Amino acid sequence: MPAGSGSASRSNAASRRMPDAFFVLDTRSLGRRPGTMRELRRTVTTKDRIGLDLIAIPAGSEVELDLMLQAVSEGVLVTGTVSGETAGECTRCLEPFTAEIELNLTELFAYPDSATEQTTEDDEVHRLVDDTIDLEPVIIDAIGLELPLQPLCSPDCPGLCSECGVRMAIAGSDHGHEILDPRWAGLAKFATESPGSGSPDSGAADKDD
Ligand SMILES: [Zn+2]
Ligand SMILES: [Zn+2]
């Protein structure tokens, strides 16, 4: 089967160089005339987890690229958004949660023979390689800056009870424990003895009238 073996070897070569797949963008159709622009929308299924220890875009999840590629004199300027869903663990209540993330990118990829390429280090300005852009390191850096080091399931997560460790979101606002500190015991006794109806102040006010 010559046709079958031919297509197999071609796809092997393609997967090795990965042109225009995943986070690799082929810029050949854009050309090099400064000002030329091309929209690029793509859904990428991540092969690796991207993020921090406690929160990240998991491997195998979908990331939306909504980008504009623009040829400029020194290279290709990529602008737009990368969005996806992160999975994290709340540092207050320790529960897993998911959240949306949207990154705004503005990144220049320099042509191999440009002045920018010759006057900068490749860790300062990204390079085009074989007319392709690899967006993955840019996304990894941007997500690292965007994600919180101490993720929370919600900004007002009440966390855990400091006495018994129960999640306060489940236990309710009236959850509490008897105060065992002897310095507070007298106050606690006073609070249980005087019922909620009427304070000593209101009685005094009535007398004045
Ligand atoms: Zn939480
Ligand atoms: Zn408790």
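As a reminder, the structure under discussion sits directly above these lines.
Draft legend 1. Fine view of the overall build of the protein chain. Tallying secondary structure elements over the protein chain gives six helices and nine strands in all. Across the 209 residues in the protein chain, those meeting the buried criterion constitute 15%. Counted over contacts in the protein chain with a minimum sequence separation of 6, partners at least 24 positions apart contribute 55%.

Draft legend 2. Local environment of the environment of F23. Along the chain, F23 falls in the loop between α1 (2–17) and β1 (24–26). Sequence separation of F23 and I133 is 110 residues, and the distance between their C-alpha atoms is 8.1 Å. In contact with F23, not counting residues within four places along its chain, are V44, D134, L135, E136 and I139.

Draft legend 3. Quick peek at the environment of G144. With respect to the helices and strands, G144 occurs in helix α3 (residues 136–146). When the C-alpha positions of G144 and A56 are compared, they lie 8.9 Å apart, and in sequence the two are 88 residues distant.

Draft legend 4. Seen up close, the pairing of strand β7 (residues 96–110). Taken together, the 15 bridges between strand β6 (residues 75–89) and β7 define a ladder with antiparallel strand orientation. Looking at β7, one finds that V78 is bridged to E107. Counting the residues in the hairpin turn of β6 and β7 gives six residues, including L94, whose phi is positive at 65 degrees.

Draft legend 5. Examining the environment of G60 more closely. Relative to the helices and strands, G60 resides in the loop between β4 (55–57) and β5 (62–72). A count of 10 C-beta atoms within 10 Å places G60 in the exposed class. Placed 14 residues apart in sequence, G60 and T46 show a C-alpha to C-alpha distance of 4.9 Å. Ignoring any residue separated from it by four or fewer positions in sequence, one finds G60 in contact with T45 and T46.

Rules used throughout
Residue positions are given per chain, counted from 1 along the sequence in the order it is written. Here the convention is simple: chains get letters from A, ligands get numbers from 1, in the order in which they are written. Per-residue local features of the predicted model are confined to residues with pLDDT of at least 70, and side-chain atom pairs are confined, for both listing and counting, to 80 or more; whole-chain, interface and lining totals are unaffected and use all residues. Helix numbering and strand numbering both begin at the N terminus, where a helix is a DSSP run of H or I of at least 4 residues and a strand a DSSP run of E of at least 2. Labels follow a simple rule on C-beta atoms placed from the backbone: if 20 or more others lie within 10 Å of a residue's own, it is buried; if 12 or fewer, it is exposed; otherwise it is partly exposed. Contact definition: two residues whose C-beta atoms, as placed from backbone geometry, lie within 7 Å. Pairing between two strands requires that DSSP report at least two bridges joining them.

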